[in-house]
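# Notes for the structure review
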Amino acid sequence: MRASDATRIYFDRAAEQLDLSESMRRLLLTAKREVQVQIAIERDSGELATFIGYRVQHNDARGPLKGGLRYHPQVDLDEVRSLASLMTWKTAVVDIPYGGAKGGVAIDPSACSLRELERVTRKFVDTIHDLFGPDVDIPAPDMGTTPDMMAWIMNQYGKYHGFSPACVTGKPVEYHGLPGRDEATGRGVGSLTLKLLSRLGRKIPGTRVAIQGFGNVGTHTAKYLRDAECKIVAVGDATGAFHRAEGIDVLELLRHARANAGRLAGFTGGDTISNAELLAIDCDVLIPAALGGVITAANAASVRSPIVIEAANAPVEPDADDILASRGVVVLPDILANAGGVTASWFEWVQNRQHYQWGLDRVRGELDRILGQAFEQVWQLSTSRQVPLRTAAYMLGVGRVARATVLGGIT
Ligand code: GLU
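The structure reproduced in this document is the subject of the present report.

Analysis parameters
- Residues numbered from 1 in each chain as written.
- Predicted model: local features only at pLDDT ≥ 70, side-chain atom pairs only at ≥ 80, totals over all residues.
- Heavy atoms only, no water.
- Pairing = 2+ DSSP bridges.
- Helix = DSSP H or I, 4+ residues; strand = E, 2+ residues; numbered from the N terminus.
- Axes fitted to C-alpha atoms, helices over the stretch in contact; angles between N-to-C directions.
- Contact = heavy atoms within 4.5 Å.
- Buried < 20%, exposed > 50% of the residue type's maximum accessible area, 1.4 Å probe, protein only.
- Lys, Arg positive; Asp, Glu negative; His and termini not counted.
- Salt bridge = Lys/Arg side-chain N within 4 Å of Asp/Glu carboxyl O.

### Some remarks on the sheet that holds strand β4 (residues 69–72)
Reading across the sheet, the 4 strands line up as β1-β2-β5-β4 and stay open at both edges, with mixed pairing between neighbours. A strand with exactly one partner marks an edge of an open sheet, and here the two such strands are β1 (33–42) and β4. The mean inter-strand angle of the sheet, taken between neighbouring strand axes irrespective of direction, is 20°. The pairing of strand β2 (residues 48–59) with strand β5 (residues 100–106) spans 6 bridges and is classified as antiparallel. Note on β5: the bridge partner recorded for Tyr54 is Gly104. Sheet strands touched by helix α4 (residues 114–128): β1, β2, β4 and β5. Its angle to β1, the strand with the most contacts, is close to 135°.

See the structure below:
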């Protein structure tokens, strides 16, 4: 299924509940602007390499466009379009004053040198610098992109527009970044998981968790849940997956990943399993924290976890979502579960504009407060309207965007 079809199905379910008119649905589904550009660079070898870059600016009814920039070989316009719309609903669910956008470059960052990635990033900025900025559209990291790349973006943007740290978020702390931004998505996933467990009347200590993906989000989620006395029983990335029923030593796992360029292959603190086995492992909470579309109609029936937390964007396809729902599996949707990242991005942007810096405690406190509030609103709506958490989250997000559209007026 195409990524944009999947997000559209989820949107339609909420639009139905909200009784939105056909014309409003059409407006909300249509991106404001979609850009595709050529990024040509000279490789370290002197060879010419050409990549395709995208930025989809979906909706700015509630504020400047906001969303990450993804570097992955499979990035295409349809995926970016779908991810951009998810950002619109995500910023609205947590009620931060932004719209939604997403960018991407079809590139395999692991096959490029750091210098080549810098050239690609700066060239991309050269091409689209007039289309983004602190009050217009603010990129941030996503899969395959790092704080260092955000520093390059800020620096390159500044060459055209002057000092503008708020033109991009997720920057290194030493370069106008925010303490706590790096951990924020994982922290949010962890804290929302605990909230959901409590709401479902489940005990937190000893909860058995399986995490698919061990990048920025997976690592910080694992750390947070370990500190909350959950047991990480399985974990995996593209290079390998591991299982240990008594709980994996997370600190050992983090040390292994750090020593091996972030890769899990070769870890000896658990039995090797396949990726399919990881998704079907006997656990209490399953957290897909990597690519989209990993739980499909073909494997949804094999998911044994009663709870799925969507740390990744769009990891569960709609058909799979229906299968999980029919089996009573509770899914915490991406637009709420992983909203910690963009929420901390908002804090970074606010501080960049004020030329002021908060401490880590304040960042964490505000983040927990905002996510906790959004969780309660989604939970209440889900209970009062008897709809799944995903539909409730979409109702909240889509409803707020629709309302802002009407308030702003269409002339
Ligand atoms: N890429 C992250 C997301 O999908 C963060 C976006 C941001 O901070 O703007 O939510």
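### Overview of the side chain of Arg181
Take Arg181: it is sitting in helix α6 (residues 181–199). Look at Arg181: it is buried, it has no salt bridge, and the nearest opposite charge is Glu348 at 4.8 Å. In this view, Arg181 contacts Ala140, Pro141, Gly170, Gly341, Ala344, Ser345 and Glu348; residues no more than four positions away in its chain are not counted.

### What to know about the pattern of salt bridges
Taken as a whole and assessed by the stated rule, the structure comprises 31 salt bridges. Residues Arg43 and Glu116 are paired through a salt bridge, measuring 3.1 Å at the closest nitrogen-oxygen approach. Remark: Glu116 occurs in helix α4 and Arg43 occurs in the loop between β1 and β2; sequence separation between them is 73 residues. With relative accessibility at 24%, the residue Arg43 sits in the partly exposed group. With a shortest N-O distance of 3.1 Å, Arg369 and Glu366 are connected by a salt bridge. Within this pair, Arg369 and its partner Glu366 are both found in helix α13 (residues 360–385), separated by 3 residues, close to a single helical turn. Overall, the relative accessible area of 44% leaves Arg369 in the partly exposed class. What you see here is one network of salt bridges that share partners, running through Arg2, Asp5, Glu34, Asp78 and Arg81.

### Observations regarding the sheet that holds strand β7 (residues 208–212)
Strand order in the open sheet formed by 7 strands is β10-β9-β8-β7-β11-β12-β13, with mixed pairing between adjacent strands. The open sheet is flanked by β10 (271–273) and β13 (330–332), the only strands paired with a single partner. Looking at each pair of strands side by side, their axes are set apart by 20° on average, direction ignored. Pairing of strand β8 (residues 231–237) with strand β9 (residues 240–243), which is carried by 4 bridges, proceeds in the antiparallel orientation. Bridge pairing links Ala234 to His243 in β9.

Note that all results are geometric; they support no functional claim without further evidence.
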